[in-house]
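Observations on the three-dimensional arrangement
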Amino acid sequence: MAEQAGATQRRYRDEAHAIHARDVHFDFDSVPMHYVPGEALATHIVNVMHLVLPEGERAMAQALTEALPHIDDERLREEVTGFIGQETMHANSHEAARRHLQSIGLDVDSYVNKIAWLVDRILGDHGLTGRAREEWLKERLGLFAGMEHYTAVLGEWLLNADILEAKGMHPAMLDLVRWHGAEEVEHRSVVYDAFMHLDGSYARKARTAILAGATLLPLFIVSTAYLYRKDPSPRKGRFWALQFWSATRRGVIPKWTVFFTEMPRYLRPGFHPSQLGPMDTALRYLAHSPAARAAHR
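If you're wondering where the values come from, they're calculated on a predicted model, not measured in any experiment. (Residues numbered from 1 in each chain as written. Predicted model: local features only at pLDDT ≥ 70, side-chain atom pairs only at ≥ 80, totals over all residues. Heavy atoms only, no water.)

Here's the deal with the overall build of the protein
The criterion, for reference: For helices the rule is a DSSP run of H or I covering at least 4 residues; for strands it is a run of E covering at least 2, with both sets numbered from the N terminus onward. Our radius of gyration looks at C-alpha atoms and nothing else; its globule reference is 2.2 Å times the residue count to the power 0.38.
Summing up its helical and strand segments, the protein has 13 helices and zero strands in all. Ordered by position in the sequence, the α and β elements of the protein form the string α-α-α-α-α-α-α-α-α-α-α-α-α. Whereas a compact globule of 297 residues would reach a radius of gyration of roughly 19 Å, the protein reaches 19 Å, a difference of no more than 12%. Dimensions along the principal axes, computed over C-alpha positions, put the protein at roughly 60 × 40 × 35 Å.

Written as structure tokens, this is what we have:
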């Protein structure tokens, strides 16, 4: 597949940034139900990461594992291998946060099981062989490349959202989402480059990007609504729509319009994720993340 004439390939330079998994340790024992104080809905929007991302990241890692034998660029192979390690660590860390929330009364296990079943049914390899297997792999890589664009943009937002600290967000959860966001910025190009290496079709890129946006936004809405409904706290408030509008206006959560405003940039001919801007802030955070330091004590 890697030799297809239509593929647009980006050869890695020797000085390209190396992607690798980091050991981290998060202590969630003291995390309350509403760890963004006074912001029940904003808390549950962050909680979507704990419910949805672990299964999605495992599916992404599986697709990239399947792609590795078809990648003949040694530098890209190294980046893909590092990416798989990072995604596995993300999934495990968010699962730990989810287990803690379950233990303090937020019933999420049944929903997580449904998400796992859905991801497996839709994004699994389906036991295909030959040409059908190759085409389905390219389709999944295109879809994941589109999703990674959004997670990189949201990761940048998390790194710069000073209001979360000002609101008194619990340090462990703040570190978790910023560490994750920083690594999303760091590895923002990997899935895109793997997709372009194996396929590079603009038609597939456009189709799967639109599908990624059309999938993620409803998934966030449905998952947030579920979490808000399951929240047992009497202090969660009554009007979730008003909370959503208020939190968006005050910058406590990112604007949902990002799923539309980012589409033209991603679909612009010649676009590459490295054009999103420097990753200095992300790398500085990764060097000083409390969870990373705790893992090496």
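Right, picking up where we left off after that structure.
Things to note about the nonpolar core
Quick note on the threshold: In this description, a nonpolar core means a group of buried Ala, Val, Leu, Ile, Met, Phe, Trp, Tyr and Cys residues linked to one another through side-chain atoms lying within 4.5 Å. Accessibility here uses a 1.4 Å probe with only protein chains present; expressed as a share of the type maximum, an area under 20% marks a residue as buried, one over 50% as exposed, and anything in between as partly exposed.
Leu-64, Val-80 and Met-169 are the most contacted members of the largest nonpolar core, which totals 86 residues. Ranked by residues supplied to this core, first place goes to helix α1 (residues 40-67) with 13 residues.

Digging into the packing of aromatic side chains
Note the following rule: Put simply, two rings from Phe, Tyr or Trp (the six-membered ring, in Trp's case) pair if the centres are within 6.5 Å, and we call them stacked under 30 degrees between planes, edge-to-face over 60, tilted for the rest. Only lysine NZ and arginine CZ atoms are considered, and such an atom sits over a ring when it is within 6 Å of the ring centre and within 35 degrees of the ring normal.
Taken as a whole, this structure holds nine aromatic pairs when the rule is applied. Aromatic side chains Tyr-111 and Tyr-226 sit 4.5 Å apart centroid to centroid with 20° between the ring planes, which places their arrangement in the stacked category. Separated by 115 residues along the polypeptide, Tyr-111 in helix α3 (residues 109-123) and Tyr-226 in helix α8 (residues 202-230) bring together distant segments of the chain. Among the aromatic residues, ring-to-ring pairing joins Phe-26, Phe-28 and Trp-179 into one connected group. Here Lys-236 stacks its cationic end above the ring of Tyr-228, 5.1 Å away from the centre of that ring.

Looking at the side chain of Glu-39
Here is the rule we go by: Between N or O atoms, a polar contact is any pair within 3.5 Å; within protein, one atom must be a potential hydrogen donor and the other a potential acceptor, and residues adjacent in sequence are included only when both atoms are from side chains. Contacts are assigned to residue pairs that have any heavy atoms within 4.5 Å of one another.
Tracing the chain through its elements places Glu-39 in the segment before α1. A distance of 3.1 Å separates the side chain of Glu-39 from the side chain of Lys-167, its partner in a polar contact. Aside from chain neighbours lying at most four places away, what touches Glu-39 is Lys-167, Ala-247, Arg-250 and Val-252.

Here's the deal with the confidence of the model for the protein
Heads up, the rule is: Within a predicted model, pLDDT stands for the predictor's per-residue confidence, ranging from 0 to 100.
Here the protein averages 91 in pLDDT, while 94% of its residues score no lower than 70. Helix α13 (residues 290-295) is the least confidently modelled element of the protein, averaging 86 in pLDDT, while helix α7 (residues 190-198) averages 97, the highest of any element. Per-residue pLDDT stays below 50 along residues 2-15; that stretch engages in 35 contacts with residues further than four places along the chain or on separate chains.

Structural notes on the side chain of His-34
Position of His-34 relative to the elements: it lies in the segment before α1. At 2.5 Å, the side chain of His-34 and the side chain of Asp-231 are in polar contact.

Section: unusual backbone geometry
Positive phi, close to 60°, is recorded for His-126, a residue that is not glycine. Mapped onto the fold, His-126 is located in the loop between α3 and α4 (130-160).

Here's the deal with a nonpolar patch on the surface
Quick reminder of the rule: Only residues whose relative accessible area exceeds 30% and that form no salt bridge enter a patch; like-charged residues are grouped when within 9 Å of one another, and nonpolar side chains (Val, Leu, Ile, Met, Phe, Trp, Tyr) when within 5 Å. All accessibility values rest on the Shrake-Rupley procedure with a 1.4 Å probe; residue burial counts only the protein chains present in the view. Here, a salt bridge means any Lys or Arg side-chain nitrogen found within 4 Å of an Asp or Glu carboxyl oxygen.
A cluster of nonpolar side chains, Trp-117, Leu-118 and Ile-122, forms an exposed patch at the surface whose accessible area comes to about 310 Å². Examined against the element boundaries, Ile-122 turns out to sit in helix α3. Relative accessible area serves as the criterion here: at 45%, Ile-122 is assigned to the partly exposed category.

Side note on the packing of helix α2 (residues 74-103) against helix α6 (residues 171-186)
Cut-off, in case you're wondering: Every angle, taken between N-to-C directions, lies between 0 and 180 degrees, and every axis is a line fitted to C-alpha atoms, over only the stretch in contact when it is a helix. Here roughly perpendicular refers to angles of 65 to 115 degrees, roughly parallel to angles under 35, roughly antiparallel to angles over 145, and oblique to all remaining angles. Take the far helix as your reference; a near helix turned counterclockwise from it by less than a right angle gives a left-handed crossing, and one turned clockwise gives a right-handed crossing. Note on residue classes: Ala, Val, Leu, Ile, Met, Phe, Trp, Tyr, Cys and Pro are nonpolar, Asp, Glu, Lys and Arg are charged, and everything else, Gly too, is polar.
Here α2 crosses α6 at 160°, and the two axes come no closer than 11 Å. Accordingly, the angle class assigned to the pair α2 and α6 is roughly antiparallel. Between α2 and α6 lies a crossing whose hand is left-handed. Of α6, the residues touching α2 (which contributes Gln-86, Glu-87, Met-89, His-90, Ser-93, His-94 and Ala-97) are Met-173, Leu-176, Trp-179, His-180, Glu-183, Glu-184 and Glu-186. Its residues assigned to classes, the contact of α2 with α6 comprises five nonpolar, five polar and four charged.

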